[in-house]
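Chain by chain, the residues run as shown.
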Amino acid sequence: QPAPVICIDGPTASGKGTIAALVAEKLGFALLDSGALYRITGLAASRAGLDITEANAPAIADLVRSKAITFTPNHRVLLDGDDISLAIRTEEAGMNASRVAVFPAVREALLQVQRDFRRLPGLVGDGRDMGTVIFPEAPLKVYLTASAECRAERRYKQLISKGLSANMADLLADLQARDARDMHRAAAPLKPAEDALYLDNSSGTIDEAVQQVLTWWEQRQ
Ligand code: C5P
């Protein structure tokens, strides 16, 4: 019996990451922050001087295959041993992630990397295509939604709390551009899986959202 997976997909800054981490902690499950992999890929490309263009997509895919990517137990992210935890969290890194994520060659290079996170007693994966492409047989798929304004405000607070600078109007515009690209791309667009359960994270607290996922999970047992 393969390890069970809980998929949490949704748009930028919907609270997926926080909710996924808390659910994983509660259940003692492993965690896959799949967005980090696309962020790392974008960063690796720009550090290698590769422009994010369709012509460079095969080279970017080869580059990410050649890199050692490590998630440490204390939530640091290493690229060939270099701590890039903060560098991948900027808005620019998010935008570059969504630009490399359009290329099927890049998605293909990251496919097995993501599936390798699966282990007993289980995995919580958050991203855009966890339930539709990476773990289509997952027993629980959650599609997280929240209004764009609400998400922009959340991202604003997140950036400020990390000591990074932020501007509300720019954030909202960036987020809408990123949503549009993620939803309208041909390869693994952001959309709810047919069997996904919807969770609206606009008004409730993070704890309530976590509790809802845990309740759904118990009902699956
Ligand atoms: O979730 P996060 O904001 O870190 O994701 C960054 C970008 O990576 C997204 O905007 C999306 O384009 C891409 N992504 C993806 N598939 C995933 C996770 C993230 O295409 N499973």
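In this text the structure is predicted, and so the values were computed from the model without any measurement.

Q: A description of the packing of helix H7 (residues 148-161) against helix H8 (residues 168-184) should follow, citing residues and the corresponding values.
A: Where H7 contacts H8, the two axes come as close as 9 Å, and the packing angle between them is 120°. The angle between H7 and H8 places the two elements in the oblique class. H7 and H8 meet at a crossing whose hand is right-handed. Listed contacts from H8 to Ala148, Glu149, Arg151, Ala152, Glu153, Arg155, Tyr156 and Leu159 of H7 are Met168, Leu171, Leu172, Leu175, Gln176, Arg178 and Asp179. Its residues placed into classes, the contact of H7 with H8 shows eight nonpolar, one polar and six charged.

Q: Can you break down the packing of aromatic side chains residue by residue, with the values?
A: Under the defined criterion, the tally for this structure stands at three aromatic pairs. Ring centres 5.9 Å apart and planes at 85° place the aromatic pair Phe29 and Trp217 in the edge-to-face group. Pair noted here: Phe29 is in the loop between helix H1 (16-27) and strand S2 (30-33) and Trp217 is in helix H9 (residues 206-220), with a separation of 188 residues, a long-range link. Residues Phe29 and Trp217 agree in their burial class; the two are buried.

Q: Tell me about the sheet that holds strand S4 (residues 77-79), and name the residues and values.
A: Read across the open sheet, the three strands follow the order S3-S4-S5; overall the sheet is antiparallel. Of all strands in the sheet, those with a lone pairing partner are strand S3 (69-71) and strand S5 (82-83), marking the two edges. Sheet analysis places S4 next to S5, joined by two bridges and oriented antiparallel. Within the sheet, the bridge partner assigned to Leu79 lies in S5 and is Asp82. With respect to the sheet, helix H2 (residues 34-47) is in contact with S3, S4 and S5, its orientation differing from that of S3 by roughly 140°.

Calculation notes
Residues numbered from 1 in each chain as written. Predicted model: local features only at pLDDT ≥ 70, side-chain atom pairs only at ≥ 80, totals over all residues. Heavy atoms only, no water. Axes fitted to C-alpha atoms, helices over the stretch in contact; angles between N-to-C directions. Helix = DSSP H or I, 4+ residues; strand = E, 2+ residues; numbered from the N terminus. Parallel < 35°, antiparallel > 145°, perpendicular 65-115°, else oblique. Left-handed = near helix turned anticlockwise from the far one by under 90°. Contact = heavy atoms within 4.5 Å. Nonpolar A, V, L, I, M, F, W, Y, C, P; charged D, E, K, R; others polar. Phe/Tyr/Trp six-rings, centres within 6.5 Å; stacked < 30°, edge-to-face > 60°. Buried < 20%, exposed > 50% of the residue type's maximum accessible area, 1.4 Å probe, protein only. Pairing = 2+ DSSP bridges.

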